[in-house]
Amino acid sequence: NAGVTQTPKFQVLKTGQSMTLQCAQDMNHNSMYWYRQDPGMGLRLIYYSASEGTTDKGEVPNGYNVSRLNKREFSLRLESAAPSQTSVYFCASSRQGNNQPQHFGDGTRLSIL
Amino acid sequence: DAKTTQPPSMDCAEGRAANLPCNHSTISGNEYVYWYRQIHSQGPQYIIHGLKNNETNEMASLIITEDRKSSTLILPHATLRDTAVYYCIVRDQGAQKLVFGQGTRLTINP
């Protein structure tokens, strides 16, 4: 079972470069999420998409944009990467509705020099 | 901020039951208790969740006290592969995000 697949797994960028992180799920989930995880900190929600065609900001959206391409895919874009965006990025998905658990991918490790 | 308190680390012998405590004394009636774990360099893995009744699945059991102010995750027969950071999360039923605290680093020893 693939579950949630994130690409790439690793990436190094220079400050100012742009990049899109890809996420796809094969569980027919309606809701999808992007989190970032920094050393010594918990995961923080960047953006989420409750259903196809909708996106909303999480707690740390600045510097990011998202696209819900279709039900399966939810991408995260950094338009002008900054060193502060060096992090591990996790995508998750869940069924729509209250109290549905989120299922995570294995992350993209992004370093910005 | 996380609404839960967990011990920073625990050890357990392989084959024994691992009992991971969590305090959530300010939990409200609409909030569920979720448990996730994160094995080094992997994404968080959902384990189990519950509201007020005890729950069991193929991975673990969740025991919630009657006043709902604390809970315990039980891994019945711990293996070396259960070594991970375990997160107890309280989540309002309408909330989109999961708030991960520092978790408990569980080490299973041979």
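Now for a look at the structure at hand. (Residues numbered from 1 in each chain as written. Chains lettered and ligands numbered in written order. Predicted model: local features only at pLDDT ≥ 70, side-chain atom pairs only at ≥ 80, totals over all residues. Heavy atoms only, no water.)

**Things to note about the interface of chain B and chain A**
On the chain A side, the residues contacting the 20 residues of chain B number 22 residues. Across the interface of chain B and chain A, roughly 1,700 Å² is buried in total on both sides, 48% from carbon and sulfur atoms. Residue Lys-97 of chain B pairs with Glu-59 of chain A through a salt bridge whose shortest N-O separation is 3.8 Å. Joining chain B to chain A, the criterion identifies nine residue pairs in polar contact (both at pLDDT 80 or more). Looking at the side of chain B that touches chain A, the elements that each hand over two or more residues are strand S3 (31–38), strand S4 (45–50) and strand S8 (84–92) of chain B. Of all the elements, S3 of chain B adds the most residues to the side of chain B that touches chain A, at four residues. A per-class count over the side of chain B that touches chain A returns eight nonpolar, 10 polar and two charged. (Contact = heavy atoms within 4.5 Å. Buried area = accessible area lost by both parts, 1.4 Å probe. Salt bridge = Lys/Arg side-chain N within 4 Å of Asp/Glu carboxyl O. Polar contact = N/O pair within 3.5 Å; in protein donor to acceptor, adjacent residues only side chain to side chain. Helix = DSSP H or I, 4+ residues; strand = E, 2+ residues; numbered from the N terminus. Nonpolar A, V, L, I, M, F, W, Y, C, P; charged D, E, K, R; others polar.)

**What about the sheet that holds strand S8 (residues 74–78) of chain A?**
Residue and element names in this part refer to chain A. As summarised here, the arrangement of the four strands in space is S1-S3-S8-S7, forming an open sheet in which the pairing is antiparallel. Because the sheet does not close on itself, it has two edges, and the strands there are strand S1 (4–7) and strand S7 (65–68). On average, each strand axis in the sheet is inclined to that of its neighbour by 15 degrees, with strand direction left out of account. Pairing analysis gives three bridges linking strand S3 (residues 19–25) to S8, with the strands arranged antiparallel. Bridging from a neighbouring strand, Leu-21 pairs with Leu-76 of S8. (Pairing = 2+ DSSP bridges. Axes fitted to C-alpha atoms, helices over the stretch in contact; angles between N-to-C directions.)

**With respect to the pairing of strand S5 (residues 43–49) of chain A**
All names here are of chain A. Most of S5 is tucked away, with six of its seven residues classed as buried. Judged from the six bridges that link them, strand S4 (residues 31–37) and S5 form a sheet pairing that is antiparallel. Following the sheet pairing, Trp-34 is matched in S5 by Tyr-47. Counted along the chain from S4 to the antiparallel partner S5, the turn is five residues long, and its residue Gly-40 has a positive phi close to 75 degrees. Where S5 lies against strand S6 (residues 56–57), two bridges are found, and the strand directions are antiparallel. Each residue of the ladder has a partner; that of Tyr-48, found in S6, is Asp-56. In textbook terms, the turn of a hairpin is the stretch between consecutive antiparallel strands, and for S5 and S6 this stretch comprises six residues, one of which, Gly-53, has a positive phi near 95 degrees. (Buried < 20%, exposed > 50% of the residue type's maximum accessible area, 1.4 Å probe, protein only.)

**Notes on the sheet that holds strand S7 (residues 70–75) of chain B**
All names here are of chain B. The strand order across the open sheet built from four strands is S2-S7-S6-S5, with neighbouring strands paired in antiparallel fashion. With one partner strand each, in any of the chains shown, strand S2 (18–23) and strand S5 (55–56) form the two edges of the open sheet. As paired elements, S2 and S7 share six bridges and run antiparallel to each other. What sits directly across from Asn-23, in S7, is Ser-70.

**Regarding the state of the cysteines**
All names here are of chain B. Here the structure, examined in full by the defined rule, presents two disulfides over all chains. At a sulfur-sulfur separation of 2.1 Å, the disulfide partner of Cys-22 is Cys-88. As the torsion about the S-S bond is roughly -85 degrees, the Cys-22-Cys-88 disulfide counts as left-handed. Remark: Cys-88 occurs in strand S8 and Cys-22 occurs in strand S2; sequence separation between them is 66 residues. Owing to a relative accessible area of 0%, Cys-88 belongs among the buried residues under this scheme. (Disulfide = S-S within 2.5 Å.)

**Some thoughts on the pattern of salt bridges**
In the structure shown here, the tally under the stated rule is six salt bridges over all chains. Across the pair Arg-36 of chain A and Asp-38 of chain A runs a salt bridge, and its minimum N-O distance is 3.0 Å. Take Arg-36 of chain A and Asp-38 of chain A: they sit in the same class, and that class is buried. Glu-31 of chain B is the partner of Lys-3 of chain B in a salt bridge, and the nearest nitrogen-oxygen pair spans 2.4 Å. Linking Lys-3 of chain B in the segment before strand S1 (9–13) with Glu-31 of chain B in strand S3, this pair joins segments that are 28 residues apart in sequence. The class for Lys-3 of chain B is partly exposed, based on a relative accessible area of 43%. Classification of Glu-31 of chain B as buried rests on a relative accessible area of 4%. Each of Arg-36, Asp-38 and Arg-44 of chain A takes part in salt bridges that share partners, so that together they form one network.

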